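Examination of the molecular architecture
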Amino acid sequence: MELSKNLIRKKIAILGAGVIGLSTAERLIEKYNDFNLAKFGPIDITIISEAFGVDTTSDGAGGLFRPDDRFIPGVDKQLVRKWATDSFKYFDNLLFSNEGGRAGVFQASGYQMFDDERIDPSYKDYVYQFRSLSQKELESFPRKFKYGYFSTTIAVDTRTYMQYLTSKLCLNGVKFLKKKLHTQQKFVSEHAEYEIIFNCLGFGSIEFCHDTKMVPIRGQMIRVKAPWIKHFYYTDDNCYIIPNINTICLGGTRQKGNSSLELCDKDKQDILNRCKELCPSLESASIEWEWVGLRPHREPIRVEKETIQPSANDEKNIIIIHNYGHGGNGISLSRGTCMHAVDLLLNSNSTYYIKSKL
């Protein structure tokens, strides 16, 4: 019961309705049920955000599971592995359950190719299959590459998955509130009813907690109809082709420091040209929709517990748990970091630890 006391008759606010916020709510409900706390009444969770569904950054993600610790700076490699393996296990269980189709989770195989030899990525140890490409395979593509590998991993159709999580949370009584959020101090003063707050605001944490370590990495992509494309393709010039359930995701851009949310015709044409060079049959594909968003990059990703006292005269402490800054690994690390964040709430002696003070 000591571990679960923070869930009993407490009002919980989750700030942000992207994949991190929704996954946090799902994990809280799981732990509430694990501790058999329904006898105390239902868990009281409200997700508060300015953006929901298709208006979130998560909606545009390609959804391919391939987190590599080399590109997650500032975080201990063992912790990245913990986050990644927890996430992979969750998605694998979901994939092979009777809810896998509704959740938009599936296996995907494909190629990553480069103009020079690369160190194998850290995710090779926990995806379903990983091998280097043969010379014959490398020579089979219209554009010639010197090195590459083939892997089978998990893919998530993020729009479908977000809808799945939202429906599941609604069935469990989670409330949703659309609201523009400003600073942490302002939120706490206006919403004294919440004793537990999860900050999953991503890029919004710049204003919310004055986090100057946050950096936008602008991404633009195109969704097309091309059902004949069955494999994913990645190259070292940020070109990617990722099959989802109803569309193919073509990308992309990684423009660090660019905060523009306007679609760029030059970027669009560059994406199309690179993807068609790699896979000429895309010439017949029809464009369904386009997207631009800002990956919320931070070094390191912040997963951290903070306890504050609203005022000198207020004896009640408020717990704030931060979970943001995943950059392009939001989907891949979502479950692992949310398990970590909820563990910080439930267990003061958590074996997780990351130093990420502002």
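See the structure shown above.
Conventions adopted
Residues numbered from 1 in each chain as written. Predicted model: local features only at pLDDT ≥ 70, side-chain atom pairs only at ≥ 80, totals over all residues. Heavy atoms only, no water. Helix = DSSP H or I, 4+ residues; strand = E, 2+ residues; numbered from the N terminus. Buried < 20%, exposed > 50% of the residue type's maximum accessible area, 1.4 Å probe, protein only. Contact = heavy atoms within 4.5 Å. Polar contact = N/O pair within 3.5 Å; in protein donor to acceptor, adjacent residues only side chain to side chain. Core = buried A, V, L, I, M, F, W, Y, C linked by side-chain atoms within 4.5 Å.

**Brief notes about the environment of Phe232**
Mapped onto the fold, Phe232 is located in strand β9 (residues 232–235). Taking the relative accessible area as the measure of exposure, Phe232 reaches 1% and is therefore buried. Between the C-alpha atoms of Phe232 and Asp86, which are 146 residues apart in sequence, the distance is 23 Å. Filtering out sequence-adjacent residues up to four positions away, Phe232 remains in contact with Leu64, Ala108, Ser109, Gly110, Tyr111, Gln112, Ser151, Thr153, Ile241, Ile242 and Pro243.

**A look at the side chain of Asn244**
Here Asn244 is to be found in the loop between β10 (240–243) and β11 (248–251). Asn244 gets classed as buried once you look at its relative accessible area, which sits at 8%. Among the polar contacts listed, one links the side chain of Asn244 to the side chain of Arg223, at a separation of 2.7 Å. Each residue touching Asn244, except ones within four places of it in the same chain, is listed here: Gly62, Phe106, Val156, Asp157, Thr158 and Arg223.

**Comments concerning the nonpolar core**
Within the largest apolar cluster, 60 residues are counted, with the highest numbers of intra-cluster contacts made by Leu28, Tyr161 and Phe198. Once residues lying within four places of it in the same chain are set aside, the contact partners of Phe198 are Ile12, Ala13, Ile14, Leu15, Thr24, Leu28, Ile321, Ala341, Val342 and Leu345. With 23 residues, the next largest nonpolar core counts Met113, Ile222, Ile241 and Leu272 among its residues.

**Regarding unusual backbone geometry**
Negative phi is the rule for most residues except glycine; trans is the rule for most peptide bonds. Each neighbour pair has its own omega, and for Gly251 with Gly252 the value is -5 degrees, a cis peptide bond. Within the element layout of this structure, Gly252 appears in the loop between β11 and β12 (255–256). Backbone torsion omega between Glu299 and Pro300 reads -5 degrees, so that peptide bond is classified as cis. Among the secondary structure elements, Pro300 is positioned in strand β13 (residues 286–308). You will see that Arg9, though not glycine, has its phi angle at about 50 degrees, which is positive. Note on placement: Arg9 falls in the segment before β1 (11–15). You can call Arg9 exposed: its relative accessible area is 63%. The phi dihedral of Asn36 is positive, around 55 degrees, even though this residue is not glycine. Within the secondary structure layout, Asn36 lies in the loop between α1 (19–34) and β2 (44–49).

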